[in-house]
Amino acid sequence: MRLAADPETLYPVALQRRVERYLSEELPFAAVAGTERLVEAMRYSLLAPAKRVRPVLALATAGALGHDPDEVLPLAAAIEMIHTYSLIHDDLPAMDDDDLRRGQPTCHVAYGEDVAILAGDCLFAEAVALVLREQIGPPQRVLAALRELIEATGLAGMVGGQFLDVSGAAESGEIERLARMHSLKTGALIAASVGSVLTLVGQDGPATMPYRAFAAELGLLFQIVDDILDVSGNEQQLGKRRGSDQRLRKITYVTAHGLEGARRLAAETHERALAQLARAPGETAELRRIADYVLARQR
Ligand code: GRG
């Protein structure tokens, strides 16, 4: 299919700005004397320029189902906080050892490893507290949405996937192991960005299953495109990782299928994502544009 020439024009910037305003102006980190530098490090990573794909997905899902996206802002912000924590920890010398993230020195380069570990830990804890404190909705649904989000970050989600990654899943040469690792490490949080909103607004049933199937395809698409950008991206993208030597040994969708094969796989995954949206109830145009953007993005 043909997409607009500039991928950035596809993106729901209004939702991105809404999330960013909430994160920068409406999210109170309790003032505890002496922790100012920790809060500074958390905000340094959280507010750095980023796409906000996950919280934007959450707001767009609420909007598609006829809700005011503002209703799910605390949950959406918590998702971005958890994502940011994972990036801070992923960049540490013990993991990927990266110097640059979101166009600026990584948290541990700017604040030291000790502060970066604590900044990640604290973003995670504050994300849970934010949902419990600020998210409006029937308590059972708020708790169920939070459970879905936290399970997506745990053993059967992001952290489990990261463990498979550091313990060599991507070096084994088995494409199935690679796919399982990515679906946990990257896919689970993207899936929860849609699924936890369905749960929160009480519209999680057979009729809205296509939303979940859409999110699963989108997570896969995100990872395939990330692998393509790793080899074909701009200078900033290519120069981003000090851990690139390690990455060269890893099997990716590009090493497994070749660049053209990976592009084909991305296009097919995108088509499947759109097919799910076509079956979904509600007004899904914004979600469709997000899928178009994820396919066409350059960064
Ligand atoms: C350390 C517990 C722990 C988990 C780390 C998500 C993750 C797990 C590591 C990130 C490694 C990585 C580069 C994965 C590729 C896909 C990905 C999640 C990219 C970063 O997310 P974007 O592109 O970045 O949404 P922004 O900065 O826009 O939020």
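Structure: see above.
Residues numbered from 1 in each chain as written. Predicted model: local features only at pLDDT ≥ 70, side-chain atom pairs only at ≥ 80, totals over all residues. Heavy atoms only, no water.

Observations regarding unusual backbone geometry
Now for step 1: The phi torsion at Asp97 lies on the positive side, around 55 degrees, for a residue other than glycine.
Now for step 2: Tracing the backbone shows Asp97 in the loop between α4 (73-90) and β1 (100-101).
Now for step 3: One non-glycine residue, Arg102, lies in positive phi territory at about 55 degrees.
Now for step 4: Tracing the backbone shows Arg102 in the loop between β1 and β2 (104-105).
Now for step 5: The class of Arg102 is buried, set by a relative accessible area of 16%. (Helix = DSSP H or I, 4+ residues; strand = E, 2+ residues; numbered from the N terminus. Buried < 20%, exposed > 50% of the residue type's maximum accessible area, 1.4 Å probe, protein only.)

What about the pattern of salt bridges?
Now for step 1: Within this structure, the stated rule accounts for 18 salt bridges.
Now for step 2: Where Lys185 meets Asp165, a salt bridge forms, and the shortest distance between an N and an O atom there is 2.7 Å. Highlighted residues: Lys185 in helix α9 (residues 175-200) and Asp165 in helix α8 (residues 158-166), separated in sequence by 20 residues.
Now for step 3: For Glu286, the salt bridge is made with Arg289, and the minimal N-O distance between the two is 3.4 Å. One end of the pair is Glu286 and the other is Arg289, both in helix α14 (residues 285-296) and three residues apart, which spans about a single turn.
Now for step 4: Among the ionic contacts, a cluster of salt bridges with common partners joins Arg17, Glu20, Arg52, Glu80 and Arg102. (Salt bridge = Lys/Arg side-chain N within 4 Å of Asp/Glu carboxyl O.)

Here's the deal with the packing of helix α1 (residues 13-26) against helix α3 (residues 53-64)
Now for step 1: Closest axis-to-axis distance for the α1/α3 pair is 9 Å, and the angle between their directions is 110 degrees. As the angle between them shows, α1 and α3 are arranged roughly perpendicular. The interaxial crossing formed by α1 with α3 has right-handed handedness. Here α1 contributes Leu15, Gln16, Arg18 and Val19 to the contact with α3, which in turn contributes Pro55, Val56, Leu59 and Ala60.
Now for step 2: Here the residues of the contact of α1 with α3 sort into six nonpolar, one polar and one charged. (Axes fitted to C-alpha atoms, helices over the stretch in contact; angles between N-to-C directions. Parallel < 35°, antiparallel > 145°, perpendicular 65-115°, else oblique. Left-handed = near helix turned anticlockwise from the far one by under 90°. Contact = heavy atoms within 4.5 Å. Nonpolar A, V, L, I, M, F, W, Y, C, P; charged D, E, K, R; others polar.)

Looking at the environment of Gln104
Now for step 1: Within the secondary structure, Gln104 sits in strand β2.
Now for step 2: A C-alpha to C-alpha distance of 17 Å links Gln104 and Gly120, two positions 16 residues apart in sequence.
Now for step 3: Look past the residues within four positions of Gln104 in its chain and what remains in contact with it is Tyr44, Ser45, Ala48 and Asp99.
Now for step 4: Reaching out from Gln104, the side chain makes a polar contact with the backbone oxygen of Tyr44 at a distance of 2.9 Å. (Polar contact = N/O pair within 3.5 Å; in protein donor to acceptor, adjacent residues only side chain to side chain.)

Section: the environment of Thr186
Now for step 1: Mapped onto the fold, Thr186 is located in helix α9.
Now for step 2: Leave out the neighbours within four places in its chain, and Thr186 touches Phe222 and Gln223.

Thoughts on the site of the ligand
Now for step 1: In the vicinity of the ligand, 19 residues are found, and the nearest of them are Lys51, Arg54, His83, Arg102 and Asp226.
Now for step 2: One nitrogen or oxygen atom from the side chain of Arg54 is found 2.8 Å from an oxygen atom belonging to the ligand.
Now for step 3: At 2.8 Å, a side-chain N or O of Arg102 approaches an oxygen atom of the ligand.
Now for step 4: Against a free-state accessible area of 700 Å², the protein chains account for coverage of 94% of the ligand.
Now for step 5: Looking at the shell around the ligand, the elements with two or more residues in it are α4, α8, α9 and α10 (209-232).
Now for step 6: At six residues, the largest contribution of residues to the shell around the ligand is made by α4.
Now for step 7: Across the shell around the ligand, the residue classes tally to six nonpolar, six polar and seven charged. (Near = heavy atom within 4 Å. Areas by Shrake-Rupley, 256 points an atom, 1.4 Å probe, with all protein chains shown as cover.)

Some words on α3
Now for step 1: For α3, which comprises 12 residues, the first-to-last C-alpha distance of 16 Å matches the rise-based estimate of 16 Å (1.5 Å per residue) to within 8%.
Now for step 2: The element α3 is largely enclosed, with a buried count of 11 among its 12 residues.
Now for step 3: All buried positions along α3 are accounted for by Val53, Arg54, Pro55, Val56, Leu57, Ala58, Leu59, Ala60, Thr61, Ala62 and Ala64.
Now for step 4: Along its buried surface, α3 packs onto α1, α4, α9, α10 and α14.
Now for step 5: Looking one or two places after α3, you find Gly66, whose phi comes out positive at around 85 degrees. (Expected span 1.5 Å × (residues − 1).)

A closer look at the nonpolar core
Now for step 1: Ranked by internal contacts, the top residues of the largest apolar core, which has 85 residues, are Leu57, Leu218 and Leu287.
Now for step 2: It is α9 that provides the largest number of residues to this core, a total of 11 residues. (Core = buried A, V, L, I, M, F, W, Y, C linked by side-chain atoms within 4.5 Å.)

A look at a nonpolar patch on the surface
Now for step 1: A grouping of Met95, Phe163 and Val166 is seen on the molecular surface, where their side chains present a nonpolar patch of about 290 Å² in accessible area.
Now for step 2: Mapped onto the fold, Val166 is located in helix α8.
Now for step 3: Assessed through its relative accessible area of 52%, Val166 is described here as exposed. (Patch = residues over 30% accessible without salt bridge, like charges linked within 9 Å, V, L, I, M, F, W, Y side chains within 5 Å.)

Keep in mind these values describe shape, not function.
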